[in-house]
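Close look at the chain arrangement
Here is how the chains run, residue by residue.
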Amino acid sequence: MGSECVLTAEQLELLTSTESKGKLPSLSGDNGQRLLTPSKEEKLRALVNALDSEPEPSEANLGYVDPAATEANYTPTEVRIKQSVQHEPEGYSRDVQSAFSGLPKVKPQWRDHYMKMLIVGECGQGKTTFIKNLFASYTQDPNLQVNDVPGSTSKDTFVQHPDKLLTEIVVRDERNMLAYHYRVQDTPGYDNMEVNLEPVLDYIKAQNYKALEYEQNAKRESSMNKWEDPRVDVCVYFIAPHRLKQMDVEFMKRLSQEVPVLPVLAKADCMTAGELESFRELVRNTLRHASKEIGRPIMHEFTREALVEAGATHTVPPFSVVASNTMDLSVGRFWPVREYPWGSCEALSSRHSDLAALKKLLFEVSYMELKDATETRYYHYRETQLLNLDDSTMPMHKSSLTRHLRNMAKQAKQPSKPTKNGVVTFLGNAAKFAFQGAVVYLAVTALQGQSGKERLKEDFQAVAVSNVWHTAVR
């Protein structure tokens, strides 16, 4: 075997230094003996010439060596050797970069997120106009059509076809490939809580039914990530100016059992600044007292950080809102205002209305907070329903797993009906028991001797007479 060439650190440093490029220093030991054979020395000379023709080290040709950690972690000699990775076969550098590329690069896909808001309040409080002002700033369309059914038929429409009162816009984030579906479900204005409360509560529960039905459906064709979430995330309750009725408080008590309730003071431009603040304080204190009575908060409270980020630091809930169908085109394509002889009231101005801050809280800042609360409520509801599968209030389809399990639970509580196979089994068992009884009877009479024989004779005569009598009767 040939001898192995060993270079000292000083010789290797001299060989790869900038001053030695293009020339080969003398590589000999202390005793003057050459350390390399002529062929190896020729290969080393070619390597030195190649290093001389390369450009100065730069960030682009460092390969997988981190420029920031070069001087700290490696000696100059080791750095230059690592830079020689570009002399490896084609594709080697690309493989090294791929191995140290960091996070995997997965092709993104469009994802859909859904949020539904319920609008509840008396007639004539501007709920439809509020929806238009809330959405049109996203669409920049002053002629945005809000789905509404005016008149006395709106209640029947809401009960039978609630989607006819549903308005939806889609905001697309092209950069992150996200589509946000914002939905507002309008409800008919009420004047009697007992008549209008139950349809609203039934609608909220029906959306939870839909969610559970879709989740448990054994024949659904898509995953839960692609479904259109029908659940209600928040309820905006409109309070008429100057008056807070006991009916409003009771309505919000019942609604708060199902969804977060966000009361707003409608038509705030009908009150002076002093009247507005006094009324706001009255509503807040009344709801706080009612919350203590039922042991849970009625009004949804946003965090202080969320209020600051939404620009609502000048006021505290309940929010006051102003809405209008009149646009001031001198300000922009969509700037709703209400004109009066003494001035104008701007719906999106923080000086006159909390509409802009409320919109940012609902659809941006507190979006995830409200969605997380929806998931928490739904999992509690789901647990309650699945642990009580015999509850008749669960209108599940036959194709759902929940319906199947519920039917199984009912059948387990009911006695099974006799079938053809069951009758055959019953007759077979009866014949077996009769035969066993006859054997025992004969054995006992045989053990009794003469008295047993007489008893047996009497029994047979009795059976014969019974058969004759039955035959005569027929």
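Residues numbered from 1 in each chain as written. Predicted model: local features only at pLDDT ≥ 70, side-chain atom pairs only at ≥ 80, totals over all residues. Heavy atoms only, no water.

1. Re the overall build of the protein
Tallying secondary structure elements over the protein gives 16 helices and nine strands in all. When the 474 residues of the protein are sorted by exposure, 37% land in the buried category. Within the protein, residue pairs in contact and separated by at least 24 positions form 68% of the contacts whose partners lie at least 6 positions apart. By element, 54% of the accessible surface of the protein is carried by carbon and sulfur atoms, the whole surface being about 29500 Å². (Helix = DSSP H or I, 4+ residues; strand = E, 2+ residues; numbered from the N terminus. Buried < 20%, exposed > 50% of the residue type's maximum accessible area, 1.4 Å probe, protein only. Contact = heavy atoms within 4.5 Å. Areas by Shrake-Rupley, 256 points an atom, 1.4 Å probe, with all protein chains shown as cover.)

2. Structural notes on helix H13 (residues 367-386)
Spanning 20 residues, H13 covers 28 Å between terminal C-alpha atoms, matching the ideal 28 Å at 1.5 Å per step. Within the sequence span of H13, burial applies to Tyr367, Leu370, Lys371, Thr374, Tyr378, Tyr381 and Gln385. Viewed end-on, H13 has its buried residues packed into an arc of 95°, placing them on one side of the element. Those residues of H13 that are exposed and aimed more than 90 degrees away from the buried face are Met368, Thr376, Tyr379 and His380. (Expected span 1.5 Å × (residues − 1). Arc of directions from axis to C-beta.)

3. A short note on the confidence of the model for the protein
The predicted model of the protein averages 76 in pLDDT, with 65% of residues at 70 or higher. Across residues 395-399, confidence stays below pLDDT 50; counting only partners more than four residues off in sequence or on other chains, it has twelve contacts. (pLDDT = per-residue confidence, 0-100.)

4. A look at the pattern of salt bridges
Tallied over the full model, the rule gives 16 salt bridges. A salt bridge links Asp229 to Lys371; the shortest N-O distance between them is 3.3 Å. One end of the pair, Asp229, is in the loop between helix H8 (193-216) and strand S4 (234-239); the other, Lys371, is in helix H13, and 142 residues separate them in sequence. In this pair, the class of Asp229 matches that of Lys371, namely buried. (Salt bridge = Lys/Arg side-chain N within 4 Å of Asp/Glu carboxyl O.)

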